[in-house]
Amino acid sequence: MTNMTFPKIGIRPTIDGRRRGIRESLEDQTMKMAHSVADLLAATLKYPDGSPVQTVISDTTIGGVKEAAMSKEKFDRAGVCGTITVTPCWCYGSETMDMSPDLPHAIWGFNGTERPGAVYLAAVLAAHAQKGIPAFGIYGHDVQDADDTSIPDDVKTKLIRFAKGALATGIMRNKSYLSIGSVAMGIAGSTVDPDFFQEYLGMRNEYVDMTEIVRRWDEGIYDKEEFEKALAWAEKNTPIGPDLYNEDDPNKFTDEQKHEQLVACVKMTMIARDLMDGNKKLADMGFKEEAEGHNAIAAGFQGQRQWTDHFPNGDYMEAFMNSQYDWNGIHQPHVFATENDSLNATSMLFNYLLTNTPQIFADVRTYWSPEAVERVTGTKLEGVAKNGFLHLSNSGAQTLDATGQETIDGQPAIKPFYDLSEEEAQANLDHTRWIPANIGYFRGGGFSSNYVTRGGEKGMPVTMARLNLVKGVGPELQVAEGYAVDLPENVFDIINKRTDPGWPSTFFVPILTGHGAFKSVYDVMDNWGANHGAISYGHIGADLITLASILRIPVNMHNVPESDIFRPRAWSSLGTENLEAADFNACKNFGPLYK
Ligand SMILES: C[C@H](O)[C@@H](O)[C@@H](O)C(=O)CO
Ligand SMILES: [Mn+2]
């Protein structure tokens, strides 16, 4: 999603309202705390376009209800999507708090002992709980001196984790999920649930039939100049690869037919982008309505089967939509799901908004036990993969940035577009083949990207997430942190041949904890809620858990250490011993963020 204005974090310095000494003595310190938080967020966090995150600070410290109202007015005008209240002292709980029920809130109560900042923190969090407007409490672990304006590391971690979740919530709000087509092959995630998008994400749903693509092809509703450039680029950078699946098929396509398919794939990519973002060029051509786009922050393409039984499949389009470069150079990726799996698109959207990195959409295809690998290949797995692995593979919407050719500190990584070099983008392309689709599955042809994610010596840290809808509960999130790993060459060759040799592959090893769904790699597979997963670079489970709690989506399985879990304080009111049950109860009790 391009050309958007981003929401901001509002910072509220609250203060003891007593004039004639108390308030005056605290003004400076209180305002300084607000500025240190603003500086921290601007220096640490970036919007999806790479610009630094912006904050708004209340014009005055807030000692009572009038100043709280003035601050709220300012925040509403500025487009604030979450508030952080800071204070070193006692203030008046319900008189100074921000009561916006549809915004996430956090409060940092300074851990000093000269003034009762922690007492205010506890009082205002109680008010939040009592009013059903949950807020995150931040209380530094170690006492600071009264004149210390620094932010301790534990406080920083929580401020940043909260701000990431609040910003993700704010950025997706009022945007659309665009379905291109409807339900693919009975996949539940592609039966779009508008109530979920509206109430939990604050989003709306847009729908276009897949015939819209044909209309735009036939009536020439795409930028012709861009298309010429794009096709020349595609012929050079995405050459059609060997026909692995169809060599012996009497119905296999000729080279001319395959070239026509590449033409169609390039046009599909441009059209999907225009459908999501709009395109001013279309207005110049007289297509003003089409030029607007659907304000989509995420989208999905049904593809199978009505489209793919007749036209080239969506793999090429999906791969490029999720990637950060094409004929226009390096740019922001889109969030684009195969099979119109709107729930996997949502998981990708969460991952993306927390990291600004492009996402892997994959089938959670096969659990390979060490025993099965040894039986089939004669090789005993060692190292990170010694307990087995999950083979993640789907022909379509897997970012091309996941080849493992991008690096951070010499290790394979997936980077945001603003950190990506031309060489890395080119290396990804050079490591990707474009394999003609298996015409048994895809009668209309098309091309799948084909590469293996390189994990490197230590494995690439990744997190797999999945949002599911469960009748009676609503949405639930599952999160598995782990590593994308390299397999010994002979193991890969044998496994690849008997799976889908023309699709991209990521071999995933979740981190085991010894309990629940993380007792074994098999248990992770066995507890996964659907056929797809959304895989992000990095270990982002703690951020996902915080975001889910803001949206009141319970997490039904995760392998994040308990010390990293950060949820609103009111969650403890629902239980402190069994955090999973407390999470379910809290999400149910407080209900979705929107109506
Ligand atoms: C080609 C097949 O229909 C696959 O696309 C299918 O197994 C899936 O991806 C299901 O999610
Ligand atoms: Mn699939």
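Quick caveat: nothing in here was measured; it's all calculated off a predicted structure.

A. Summary view of the overall build of the protein chain. Helix and strand counts for the protein chain stand at 19 helices and 22 strands. The globule rule puts the C-alpha radius of gyration for 595 residues at 25 Å, and the 25 Å found for the protein chain is close to it. For the C-alpha atoms alone, the extent of the protein chain along its principal axes is close to 90 × 65 × 45 Å. Here the protein chain holds 595 residues, and 61% of them are scored as buried. The contacts of the protein chain with a sequence gap of at least 6 include a subset with a gap of at least 24, amounting to 76%. Looking at the protein chain as shown, the accessible area adds up to about 23400 Å², and 48% of this sits on carbon and sulfur atoms. Between the averaged position of the 53 positive side-chain charges in the protein chain and that of its 79 negative side-chain charges there is a distance of 5 Å.

B. Looking closely at the side chain of Thr453. Turning to its location among the elements, Thr453 is positioned in the loop between strand 17 (447-450) and strand 18 (460-470). A relative accessible area of 2% means that Thr453 is categorised as buried. At a separation of 3.0 Å, a polar atom in the side chain of Thr453 contacts the main-chain carbonyl oxygen of Ala402. Those residues in contact with Thr453, other than ones at most four positions away along the chain, are Gln398, Ala402, Thr403, Met460, Ala484, Val485, Asp486, Ser505 and Thr506.

C. Main features of the pairing of strand 1 (residues 8-13). Among the six residues of strand 1, six are classified as buried, and the element is accordingly described as predominantly covered. Side chains of strand 1 alternate between two faces, with Lys8, Gly10 and Arg12 and Ile9, Ile11 and Pro13 buried alike. Summarising the sheet, strand 1 and strand 2 (residues 55-57) pair through three bridges and their orientation is parallel. If you follow Ile9 over to strand 2, its bridge partner there is Thr55. Following the chain from strand 1 across helix 1 (residues 22-44) to the adjacent parallel strand 2, one finds a crossover that is right-handed.

D. Highlighting the pattern of salt bridges. Within the structure shown, the criterion is met by 27 salt bridges. Its salt-bridge partner being Asp309, residue Arg305 comes within 2.7 Å of it at the nearest N-O pair. Given a relative accessible area of 24%, Asp309 falls into the partly exposed group. Shared partners join several salt bridges into a network, and the residues in it are Glu212, Arg215, Arg216, Glu219 and Glu290.

E. How the structure looks around the pairing of strand 12 (residues 360-368). In the sheet, strand 12 pairs with strand 21 (residues 532-537) via four bridges, with the strands oriented antiparallel. In the sheet register, Ile360 faces strand 21, and the bridge partner there is Ile535.

F. The arrangement of the sheet that holds strand 7 (residues 204-208) in detail. Spatially, 7-6-8-11 is the arrangement adopted by the four strands of the open sheet, whose pairing is parallel. Looking along the sheet, the strands with just one partner apiece sit at the ends: strand 7 and strand 11 (336-338). Going across the sheet, the axis of each strand differs from the next one's by a mean of 20°, ignoring polarity. For strand 6 (residues 176-180) and strand 8 (residues 296-301), the ladder comprises five bridges, and the chain directions are parallel. In the sheet register, Ile180 faces strand 8, and the bridge partner there is Phe301.

Definitions and limits used
Throughout this document, residue positions are counted from 1 along each chain, in the order its sequence is written. Each chain gets a letter, beginning with A, and each ligand a number, beginning with 1, in the order they are written. Residue-level local features of this predicted model are given only where pLDDT is at least 70; pairs of side-chain atoms are given and counted only at 80 or more, and the full residue set underlies all totals for whole chains, interfaces and linings. For the side-chain quantities, the full set of heavy atoms in the structure was used; hydrogens and water were omitted. Each helix is a run of DSSP H or I of at least 4 residues and each strand a run of E of at least 2, with the numbering of both proceeding from the N terminus. Note that the radius of gyration is over C-alpha atoms, with the globule rule given as 2.2 Å times the number of residues to the power 0.38. Throughout, exposure labels follow a simple rule: accessible area from a 1.4 Å probe, protein chains only, divided by the maximum for the residue type, with under 20% read as buried, over 50% as exposed, and the rest as partly exposed. Any two residues having at least one pair of non-hydrogen atoms within 4.5 Å are treated as being in contact. Note that accessible areas follow from Shrake-Rupley with a 1.4 Å probe, and for residues the cover is restricted to the protein chains shown. We treat Lys and Arg as the positive residues and Asp and Glu as the negative residues; His and chain ends play no part in the count. Every charge is mapped to an atom, namely NZ of Lys, CZ of Arg, CG of Asp or CD of Glu. Pairing of N or O atoms within 3.5 Å defines a polar contact, subject to two protein rules: one partner must be a possible hydrogen donor and the other a possible acceptor, and residues neighboring in sequence count only if both atoms are side-chain atoms. The criterion for strand pairing is that DSSP finds at least two bridges linking the strands in question. Here is how to tell: hold the view so the strands point away, follow the path from the first strand over the helix to the second, and if it runs clockwise the crossover is right-handed. Here, a salt bridge means any Lys or Arg side-chain nitrogen found within 4 Å of an Asp or Glu carboxyl oxygen. With axes taken as lines fitted to C-alpha atoms, and helix axes fitted only over the stretch in contact, angles between N-to-C directions fall between 0 and 180 degrees.

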